[in-house]
Amino acid sequence: METGEKALPKVAVVVFVVKGNSVLLGKRRSSIGHSTFALPGGHLEFGESFEGCAGREVMEETGLEIEKTTLLTVTNNVFNESPKPSHYVTVFMRATLVDPSQRPENLEPEKCEGWDWFDWLNLPNPLFWPLEKMVRSGFNPFTNDDGN
Ligand code: 8DG
Ligand code: MG
Ligand code: MG
């Protein structure tokens, strides 16, 4: 950050890629949430739609092609634990695979240990805390939407 520049919240779009009763998670290597299991996703780019960002980030990070991308919810997350504090408004989407037999690839190994499918009723530990908070509150990506 430049001297005198004011820190601002950023917008992240993350995706519950669902297959059967499972969701796609990867163990983070990034400083925020290091060694915790998180969804694929990243920063919303200027002019981008939530759906567009979801599709791009999932493709960049896993090689998977998604469809039926819908908005689930938004959470406000302040990270004081990282090297420098950051603040994300995190948009949670849900999507399915175009080809359910397609396997995830670890395309950004510097940011993630690898991707795998986890049964929603048997999630790994530790989850990245924004996700952990949602799970503990009873949020369910398979049912929390507008019914479509
Ligand atoms: P980019 O350069 O590809 O745009 O960014 P990235 O390196 O992929 O960003 P990221 O850290 O994966 O995601 C941006 C932020 O989103 C992250 O620092 C904190 C917030 N975030 C949550 N929950 C989750 C989650 O479950 N997964 C991911 N990937 N990010 C999350 O609040
Ligand atoms: Mg990314
Ligand atoms: Mg990411």
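Let us look at the structure shown here. Just so you know, these numbers come straight off a predicted model, no measurement behind them.

About the criteria used
Residues numbered from 1 in each chain as written. Chains lettered and ligands numbered in written order. Predicted model: local features only at pLDDT ≥ 70, side-chain atom pairs only at ≥ 80, totals over all residues. Heavy atoms only, no water. Donors = N, O, S within 2.8 Å, 3.2 Å for Na, K, Ca; no water. Helix = DSSP H or I, 4+ residues; strand = E, 2+ residues; numbered from the N terminus. Near = heavy atom within 4 Å. Polar contact = N/O pair within 3.5 Å; in protein donor to acceptor, adjacent residues only side chain to side chain. Areas by Shrake-Rupley, 256 points an atom, 1.4 Å probe, with all protein chains shown as cover. 1 Å grid on protein atoms, 1.4 Å probe; cavity = no way out; pocket = protein on both sides within 12 Å on 5 of 7 lines; lining within 4 Å. Sits in = over half its atoms within 2 Å of the grid points. Buried < 20%, exposed > 50% of the residue type's maximum accessible area, 1.4 Å probe, protein only.

Observations concerning the coordination of the magnesium ion (ligand 3)
Part 1: Binding of the magnesium ion (ligand 3) to the protein goes through Gly41 (O) and Glu61 (OE), at separations of 2.2 Å.
Part 2: Between the two metals, the magnesium ion (ligand 3) and the magnesium ion (ligand 2), the spacing is 3.3 Å, and Glu61 donates to both. With Gly41 in strand 4 (residues 41–43) and Glu61 in helix 1 (residues 50–62), this residue pair connects regions lying 20 residues apart in the sequence.

Considerations on the site of ligand 1
Part 1: Within the structure, ligand 1 sits among 18 residues, and Arg28, Leu39, Glu61, Thr90 and Lys111 are positioned closest to it.
Part 2: One of the side-chain N or O atoms of Arg28 is found 2.8 Å from an oxygen atom in ligand 1.
Part 3: The fraction of the free accessible surface of ligand 1 (610 Å²) that becomes covered by protein chains is 87%.
Part 4: According to the grid-proximity analysis, the pocket containing ligand 1 is the largest pocket.
Part 5: When residues of the shell around ligand 1 are traced back to their parent elements, those giving at least two are strand 1 (10–19), strand 4, helix 1, strand 5 (66–79) and strand 6 (86–97).
Part 6: For the shell around ligand 1, the element with the highest residue contribution is strand 4, accounting for 3 residues.

Digging into unusual backbone geometry
Among all residues except glycine, the phi angle is most often negative; among peptide bonds, the trans geometry is most common.
Part 1: Going from Asn125 to Pro126, the amide bond is cis rather than trans, its omega being -10°.
Part 2: For Pro126, the position within the fold is in the loop between strand 7 (112–119) and helix 2 (129–136).
Part 3: Even without a glycine there, the phi angle at Ser35 is positive, about 70°.
Part 4: Assignment of secondary structure puts Ser35 in the loop between strand 2 (22–28) and strand 3 (37–38).
Part 5: One non-glycine residue with positive phi stands out, namely Lys68, at about 50°.
Part 6: For Lys68, the location among the structural elements is in strand 5.
Part 7: Judged by its relative accessible area of 63%, Lys68 falls in the exposed class.

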